[in-house]
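# What the coordinates show
Here's the letter readout for the chains.
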Amino acid sequence: MTWVGRSLRRFEDPALLRGEGRFTADVAIGARIVRFLRSPLACGRIVSLRPPPDMPADALFITAADLNGTATIRPMLHRFAYRPVEQAVLPADRVHFVGQAIAAIVAPTAELAEDLLEAIELEVEAETALVTMDDALRPGAALVHGIAHGNVAVEGIVQSAECDTAFVSAPHVVEIAIRSHRQNATPMEARAGCAAYDRATGRVRLTASVQMPHMLRTGIAELLGMPESDLQVIAPDVGGGFGQKMALFPEYAVLVWLARHHRGDFAWIEDRYENLIASAHSRDQAHVLRGAFADDGTLLGLEADILANVGAFSAYPTTCGVEPLMAFAEYPGPYKVPAYSARARGVLTHTCPMAPYRGVSRPVITFGLERLMDRAAKAIGIDAVAIRRRNLVDAFPHQTVTGLTLDDASYVETLDDAVALLDIPAFRARQAAARAEGRYLGLGLAVFNERTGYGTPAFAARGMGIVPGYEVVDIAMTPGGEVEVRIGASPHGQGLRTALAQIVADRLGLAPDAIRIIHGDTDRTPYGWGSFASRATVISGGACQTAADKLAVRLRAAAATVLQARAEEIVLRDGAAIASNGSSVPIAALARQVHQRSDLFEGFNLAETASYDPAGTFSNACHAVIVEVDAETGHVRIERYLVVEDAGRIINPLIADGQVRGGVAQGIANALFEEVIYAEDGNILTGTLADYTPPTAAEIPAIEIHHRETISDATLTGAKGLGEGGSIGAPAAIANAISDALAPFGIEITEIPATPPRIRALIRAAQAPR
Amino acid sequence: MSRHTVAFTVNGIARRVEVEARRTLAETLRENCGLTGTHVGCEHGVCGACTVLVDDVPLRSCLIFGVQAEGASIRTVEGLAAPDGALDVLQQAFQDHHGLQCGFCTPGFLMLGTWMLERSERLNEDSLREILSSNLCRCTGYQGILDAVRAAARTLGRWDDDAGISSPA
Ligand code: FES
Ligand code: FES
């Protein structure tokens, strides 16, 4: 009986349920409040910037001039014609997007700070904003940054002669142009930071709602030219991140600067409006995909033209290459693609910068590929399931045309499971009957894989200046016999404390409640990369397992001394070290002896370190959805949502299903509801949650989840990551289902979110007399 | 800005605070009473993270001012568990059914759920989903929250098994 595989209740929950969690805003009570003056214009020259006329003595006004000597945010990529765009912490002379922080006000309370903010005298000379990719790519367009010609900040090109040949000779060429509109990850806790100066040591403690505390410390120390060891970064309870909280944002650098220069505590608690307009956006992409197909549906070649609107700057450390280059490298998805040509460009505009959001580009490429498959099936006259089955990778390991290695997975099997669960013939009969009554039901499928748990090699291949990837874990047993595990990963809702404790408990023969996972504090944890990219359970989990195994070796050696047995014959079980003759010693007693009677033992220490840096693995899933579309209103109702997923070994099924459900909900939002909308002048029209419209319990259906567990040797624990998968499949599956429902009108969904107005416009156009 | 002294009870304890007229009840609870369990997710009345019970009715505490709470009896998430920290039925159901991930929305859902379980009408599938759609959660996809409140309603005898028909208690 192992702890891994059990739906253990989360250790994180009781404090959160009692309202005793500690989020950044809770820590900030009593600090002086910082508010940022944000640019009202998308593009322009700062003509004048003057403090409020009646500044009280206890207020501060901070501009670029104050930060003189601070470096610029300038993450690097050494490949893909990357143009290293620079972002000043506070701009001295130009603004580049609506919402960009221009100056900071400090006051004793938030109310006073906002009064002062309104009284700042700012004059900006407006210039024409380039808001859309069309604007920015138009020949002769002005440049967002002089360094990036044609407003292209990054470009990947792969051209294959085989692909050209495939397209010339293929009997069927199918093309689709897709558009994914801009998203905001919208964690329920917006960004927040509190920098506190410690007069005794001269150090600053930055408590912040972030996913990568170590990286943030490095980034801020570099910007401010301060010793990194003078800064402690704590990620306390973090109210969701989904990628948005990875980046080094200028606001945090200002907080640390203030704490150092004004020797006090300074807090910025972002409001929702700021978060919606000025944190980080994502998935503003347009792709043109072409597939060359044989008569039997075999895919012979794939061409992709990928455009991603990356906004005005490049987020540190992932850079603005993260979206276009992921689409570029991973487009073949789970399919056998023998030849591939692609071009991917990251386009600068006067909009909020882009940063990763759960799944990054995969929801978009899955939308593209799965729409292409459905369109090809129709064009060739074969079944949508058959064309997928024909092309899915079914022998492993598989080397993709873009150089990735697909490890053991269940692409065909998850599809087959979903198809069996759906009973498609019965659905078709129901669909036909409904159509006869003027009701439109549709069924959509999406098969995809998700690259997870990748370490250094994957990031190095992108040419990143800062190469994330490894994780280090320090493990130690206290004299009382509890285990302290210090990790560099930084969970924010994923239940990692529970899942990792399960892994460690099994290796040490202890109960999980004897395992304390310590995270989110640069003073107390080894350098690591935080939580993102479905990596923590795989990479930190692998390191935890190795660290626990190393500690187990020490415990067995000590037990051998106590029990006068050979170390090899000792097992750790149920809290005891047990020799083969049945004699045993409680592990807690052993721990006390090793610490306090080191004269009896060889080696007195119960501490170990382990690291893990895997090449990566691929989770996979098939999503299937049945929708009903109201042709009169354009409203889409999800009748059934089915996920068959394979993330390898499931450490904690309760937590795993929660990740899938949360991801699917965000995917549904992406497919049907959420969109950041800019006006032509670069102002944002979706500045409240009533305009950006995240879905509620009324819109998210029950999600049926089925698991497969393909244990691949690509990870130490057998677990593949699953943090992002839910969000990846939903847009494609839903778009396919709506397209199926509206087939009588000849309508196909190529633009998401497929909001009622968009669907109504398609229906109106289809019904218009030609 | 004028300052006012306001008196109310929070979780049964009498409080007297001095606040500016424009300070929201959410900030009054957090800043003036030190009760940081009530979270602020939007400050514009959409997310429901700030939901508290005022005279036994759920209200978004970001939409009323502290001064409006004069004489009121307020309940917040801090008042749900027993003094020794033992979770109440609803809190325990949230843990059992994975009704929270990051926990930021949780206090608001718990207060809304507490009211749902105290109402005279029993809950059914329709009212469960409809009322819980008042608040936003970004992590769970809502399933765990629905499951938790349903389970707590069953435990407390507040569940009406005839879906779609709500009967008086
Ligand atoms: S904070 Fe009150 S409703 Fe969002
Ligand atoms: S649990 Fe994170 S927002 Fe609900």
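Residues numbered from 1 in each chain as written. Chains lettered and ligands numbered in written order. Predicted model: local features only at pLDDT ≥ 70, side-chain atom pairs only at ≥ 80, totals over all residues. Heavy atoms only, no water.

Residues and elements named next belong to chain B. Entries for chain B in the domain assignment read domain 1 (3-79) and domain 2 (89-155). A separation of 21 Å is found between the C-alpha centroids of domain 1 and domain 2. Every contact between the two is made by 18 residues of domain 1 and, on the other side, 14 residues of domain 2. Buried area between domain 1 and domain 2, both sides added, is near 1,200 Å², and the carbon and sulfur share of it is 63%. (Domains from an automatic or database assignment. Contact = heavy atoms within 4.5 Å. Buried area = accessible area lost by both parts, 1.4 Å probe.)

With that settled, consider the pattern of salt bridges. Residues and elements named next belong to chain A. Throughout the structure, instances matching the rule amount to 62 salt bridges over all chains. For Asp 305, the salt bridge goes to Arg 345, with nearest N and O atoms at 3.6 Å. With Asp 305 in strand β14 (residues 299-311) and Arg 345 in strand β15 (residues 340-348), this pair connects stretches of sequence that are 40 residues apart. Relative accessible area serves as the criterion here: at 29%, Asp 305 is assigned to the partly exposed category. Note that Glu 608 and Lys 550 form a salt bridge whose closest N and O atoms lie 4.0 Å from each other. One end of the pair, Glu 608, is in strand β25 (residues 607-612); the other, Lys 550, is in helix α16 (residues 536-563), with 58 residues separating them in the sequence. (Salt bridge = Lys/Arg side-chain N within 4 Å of Asp/Glu carboxyl O. Helix = DSSP H or I, 4+ residues; strand = E, 2+ residues; numbered from the N terminus. Buried < 20%, exposed > 50% of the residue type's maximum accessible area, 1.4 Å probe, protein only.)

Each full turn of the α-helix corresponds to 3.6 residues, which orients residues three or four apart in the same direction. Here helix α3 (residues 106-118) of chain B spans 18 Å end to end across 13 residues, near enough to the 18 Å set by a 1.5 Å rise per residue. Here α3(B) lies mainly inside the structure; 11 of its 13 residues are buried. (Expected span 1.5 Å × (residues − 1).)

Residues and elements named next belong to chain A. In total, this model carries 11 aromatic pairs over all chains according to the counting rule given. Ring geometry for Tyr 252 and Trp 268: centres 5.8 Å apart, planes at 65°, overall edge-to-face. Here the residue Tyr 252 occupies a position in helix α7 (residues 250-262), and Trp 268 occupies one in strand β12 (residues 265-269), the gap between them amounting to 16 residues. Among the residues examined, Tyr 252 registers a relative accessible area of 1% and is labelled buried. Consider the rings of Tyr 527 and Trp 529, whose centres lie 5.9 Å apart with planes at 85°: the pair is edge-to-face. By way of ring pairs, the aromatic residues Phe 36, Phe 249, Tyr 252 and Trp 268 are connected into one cluster. The ring of Tyr 357 carries the charged tip of Arg 283 above its face, separated from the ring centre by 4.2 Å. (Phe/Tyr/Trp six-rings, centres within 6.5 Å; stacked < 30°, edge-to-face > 60°. Lys NZ or Arg CZ within 6 Å of the ring centre and 35° of its normal.)

Here the focus is the confidence of the model for chain B. Any region with low pLDDT has predicted coordinates that should not be read closely. Residue and element names in this part refer to chain B. For chain B, the mean per-residue pLDDT works out to 95, and 95% of the residues sit at or above 70. Confidence over residues 163-169 falls short of pLDDT 50; this stretch has 16 contacts with residues more than four positions distant or in other chains. Across the assembled chains, the prediction reports ipTM 0.96 with pTM 0.96. (pLDDT = per-residue confidence, 0-100.)

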